[in-house]
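Each chain, written out:
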Amino acid sequence: MCLSIPSKVLEIDENNFAIVETLGVKRGVSLDLISEPVNVGDYVLIHVGFAMEKIDTQYAKECLEVYQKIADDMKSGVIPYDA
């Protein structure tokens with residue numbers, strides 16, 4: 001099973017390669033597999049270095065809030081976590 005967390009596009013270069021940010025982590029991804037235009041500020045879902053889908057900004061922000069809550073609950077012990 002694959003879980004993709006929404007990533008915000010920060011930069012796009014002339015080769016259709018983007019720098020995205022996911023929960024504070026920046027990485028580079030290709031935008032070549034997305035058929036619609038992607039702009040700085042858009043949110044995308046990523047799989048193995050490729051943006052696979054552009055998603056609605058409001059939906060992305062709602063998802064990120066849920067993921068952050070889960071991470072916070074794991075750190076505080078509300079959700080047990082065994083690494």
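The preceding data block contains the structure.
Now for a description of the structure that goes with this document. (Residues numbered from 1 in each chain as written. Predicted model: local features only at pLDDT ≥ 70, side-chain atom pairs only at ≥ 80, totals over all residues. Heavy atoms only, no water.)

### Concerning the environment of C63
Our working definition: Secondary structure elements follow DSSP: runs of H or I of four or more residues count as helices, runs of E of two or more count as strands, with numbering from the N terminus. The classification of residues rests on relative accessible area computed with a 1.4 Å probe and restricted to protein chains. Under 20% of the type maximum is buried, over 50% is exposed, and intermediate values are partly exposed.
Inspection of the secondary structure assignment puts C63 in helix α1 (residues 57-76). Owing to a relative accessible area of 16%, C63 belongs among the buried residues under this scheme. For the pair formed by C63 and L31, sequence separation is 32 residues and the distance between their alpha carbons is 21 Å.

### Observations concerning α1
As a reminder of what qualifies: Given the number of residues in a helix, its expected span is that number minus one, multiplied by 1.5 Å. What makes two residues a contact is simply this: any of their non-hydrogen atoms within 4.5 Å. Counting of polar contacts relies on pairs of N or O atoms within 3.5 Å, with two restrictions inside protein: one atom must be capable of donating a hydrogen and the other of accepting it, and residues adjacent in sequence are counted only when both atoms are side-chain atoms.
Its 20 residues give α1 an end-to-end C-alpha distance of 29 Å, which sits within 8% of 28 Å, the value for a rise of 1.5 Å per residue. Restricting attention to buried positions, one finds in α1 the residues A60, C63, L64 and D73. Turning to α1, the residues buried within the fold contact β4 (43-47) and β5 (50-55). Taking the backbone nitrogen of Q58 as reference, a side-chain oxygen 3.1 Å away marks D56 as the first, capping residue of α1. Positive backbone phi, approximately 90°, marks G77, located one or two places after α1.

### Here's the deal with the side chain of D42
Following the sequence through the fold, D42 ends up in the loop between β3 (25-30) and β4. Given the relative accessible area of 16%, D42 is considered buried. A distance of 2.7 Å separates the side chain of D42 from the backbone nitrogen of N39, its partner in a polar contact. Residues in contact with D42, not counting those within four places in the same chain, are S7, K8, V9, P37 and K54.

### Details of a nonpolar patch on the surface
The test is simple: Patch construction takes residues with relative accessible area above 30% that form no salt bridge. Like charges are linked within 9 Å, and nonpolar side chains (Val, Leu, Ile, Met, Phe, Trp, Tyr) are linked within 5 Å. Only the protein chains shown count as cover for residues, and the accessible areas themselves come from Shrake-Rupley with a 1.4 Å probe. Whenever a carboxyl oxygen of Asp or Glu lies within 4 Å of a side-chain nitrogen of Lys or Arg, that contact is scored as a salt bridge.
A surface patch of nonpolar side chains, amounting to about 400 Å² of accessible area, comprises L33, V48, F50 and M52. Within the secondary structure, M52 is located in strand β5.

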